[in-house]
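Structural overview for review
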Amino acid sequence: MIRKAVLPVAGLGTRFLPASKAIPKEMLTLVDKPVIQHVVEEAIAAGITEIILVTHGAKKAIEDHFDVNYELENELEQRGKIALLNVLRSILPAGIRVVSVRQGRALGLGHAILCAREVVGNEPFAVLLPDVLVDNFNQPQTDLACMNQRFDKTGLTQILVDAVLKERVDQYGIVALKEGTDLAAGESKPIKAMIEKPALDKAPSNLAIVGRYVLPPRIFELLAATKPGAGNEIQLTDALDALLQEAGAEAYRVQGETYDCGNKLGYLHATLVHGLRHPEVGDGFRALINQLPET
Ligand code: G1P
């Protein structure tokens, strides 16, 4: 049973400046809900009960978002705005805990995860990179829930992958499967190798790692022994490679849609989808889109 999830949120978000100057990029909204809340909801839907934020002093708004705002709640109660009050109270359902640890220096994704070592302890855990949204709308089970179940059954590391356009392989970690290149949605297969951001002619497939991992606690020892790699940062992919050699790992192919909210177009795409689906403004938004003049 995977109970804990690590969400690295210490990054500066330079790709979203000036929006991310005073507001964490994870607090940018899809209509009216911050991106980070979507990711936390995804973790909770997969059975996670402890969310571990690896954060930075400049990003307090994220911790505040998951804390109780007593004054605001009190005010809404006094004014009888019960629906809004319930919206606030449902941000974090009963039984879910949010813990935060600081990553004072930006020494890489691997380093960020290592910062959560004491809080995770000696148990398997999930990692969710909040730049990526995994959308399992109307599906019976989320992809993260399926990955957790597969880990419970096999004890093997699960790494979420999605097929990306060939031109984009140099923006992701790319996996080579032990056998062939076919992987159906919802299926897990053994990985032969992982290459971080390869050039197109060096990419063994177009199956890209898209920000969800289910890992054994052994990864912490491997991360602690990992030397700085690409960009002089401690790379998660390097420690995963060591884990792969030692114990094996599987690529799990996503069934839902993924949106890369770490880039502007991906963020706009996610906004579009969530806007059209929104119970309050969805119909109006669709009408607005239909009325747009052709340019
Ligand atoms: C990280 C990982 C990479 C993965 C990507 C997914 O890279 O190192 O393997 O494909 O996240 O979003 P980053 O985007 O932090 O450079």
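Residues numbered from 1 in each chain as written. Predicted model: local features only at pLDDT ≥ 70, side-chain atom pairs only at ≥ 80, totals over all residues. Heavy atoms only, no water.

**Examining the overall build of the chain**
From N to C terminus, the chain includes 11 helices and 13 strands. Here the C-alpha atoms of the chain give a radius of gyration of 20 Å, agreeing with the 19 Å that 2.2 N^0.38 yields for 295 residues. For the chain, the spread of C-alpha atoms along the principal axes amounts to about 60 × 50 × 40 Å. Split into buried and exposed, the 295 residues of the chain put 46% on the buried side. Counted over contacts in the chain with a minimum sequence separation of 6, partners at least 24 positions apart contribute 77%. Of the roughly 15200 Å² of accessible surface on the chain, a fraction of 53% belongs to carbon and sulfur atoms. Charge separation in the chain, taken as the distance between the mean sites of 31 positive and 37 negative side-chain charges, equals 3 Å. (Helix = DSSP H or I, 4+ residues; strand = E, 2+ residues; numbered from the N terminus. Rg over C-alpha atoms; globule rule 2.2 N^0.38 Å. Buried < 20%, exposed > 50% of the residue type's maximum accessible area, 1.4 Å probe, protein only. Contact = heavy atoms within 4.5 Å. Areas by Shrake-Rupley, 256 points an atom, 1.4 Å probe, with all protein chains shown as cover. Lys, Arg positive; Asp, Glu negative; His and termini not counted. Charge placed at Lys NZ, Arg CZ, Asp CG, Glu CD.)

**Focus on the pattern of salt bridges**
Taken as a whole and assessed by the stated rule, the structure comprises 17 salt bridges. One salt bridge connects K59 with E26, and the closest N-O pair in it is separated by 2.8 Å. Here K59 is found in the loop between β4 (50–55) and α2 (60–65), whereas its partner E26 is found in the loop between β1 (4–8) and β2 (29–30), with 33 residues between them in sequence. On the accessibility criterion, K59 (5% relative accessible area) is buried. The buried category is assigned to E26, whose relative accessible area is 4%. (Salt bridge = Lys/Arg side-chain N within 4 Å of Asp/Glu carboxyl O.)

**A look at unusual backbone geometry**
Between L17 and P18 the backbone carries a cis peptide bond, its omega angle lying at 5 degrees. Assignment of secondary structure puts P18 in the loop between β1 and β2. The phi dihedral of N138 is positive, around 65 degrees, even though this residue is not glycine. With respect to the secondary-structure elements, N138 resides in the loop between β7 (132–135) and α7 (143–154).

**A few points about the site of the ligand**
Neighbouring the ligand are L129, V132, Y172, G173, E196, K197, I209 and T237. Contact between the ligand and G173: an oxygen atom at 2.9 Å from a main-chain N or O atom of the residue. Side-chain polar atom of E196 to an oxygen atom of the ligand: 2.7 Å apart, as the coordinates give it. For the ligand, whose accessible area on its own is 380 Å², the fraction buried by protein is 77%. Placement of the ligand is best described as lying within the largest pocket. Looking at the shell around the ligand residue by residue, the classes come out as 4 nonpolar, 2 polar and 2 charged. (Near = heavy atom within 4 Å. Polar contact = N/O pair within 3.5 Å; in protein donor to acceptor, adjacent residues only side chain to side chain. 1 Å grid on protein atoms, 1.4 Å probe; cavity = no way out; pocket = protein on both sides within 12 Å on 5 of 7 lines; lining within 4 Å. Sits in = over half its atoms within 2 Å of the grid points. Nonpolar A, V, L, I, M, F, W, Y, C, P; charged D, E, K, R; others polar.)

**What to know about the packing of aromatic side chains**
Tallying each qualifying case throughout the model produces 2 aromatic pairs. On the numbers, 5.6 Å between centres and 80 degrees between planes, the contact of F16 with Y267 is edge-to-face. Of this pair, F16 sits in the loop between β1 and β2 while Y267 sits in helix α10 (residues 264–277), and the two are 251 residues apart along the sequence. Between F125 and F220 the ring centres are 4.9 Å apart and the planes differ by 5 degrees, which places this aromatic pair in the stacked class. On the criterion of sequence distance, the pair formed by F125 in strand β6 (residues 125–128) and F220 in helix α8 (residues 218–224) is long-range, its members being 95 residues apart. Neither residue differs from the other here; F125 and F220 are each classed as buried. (Phe/Tyr/Trp six-rings, centres within 6.5 Å; stacked < 30°, edge-to-face > 60°.)

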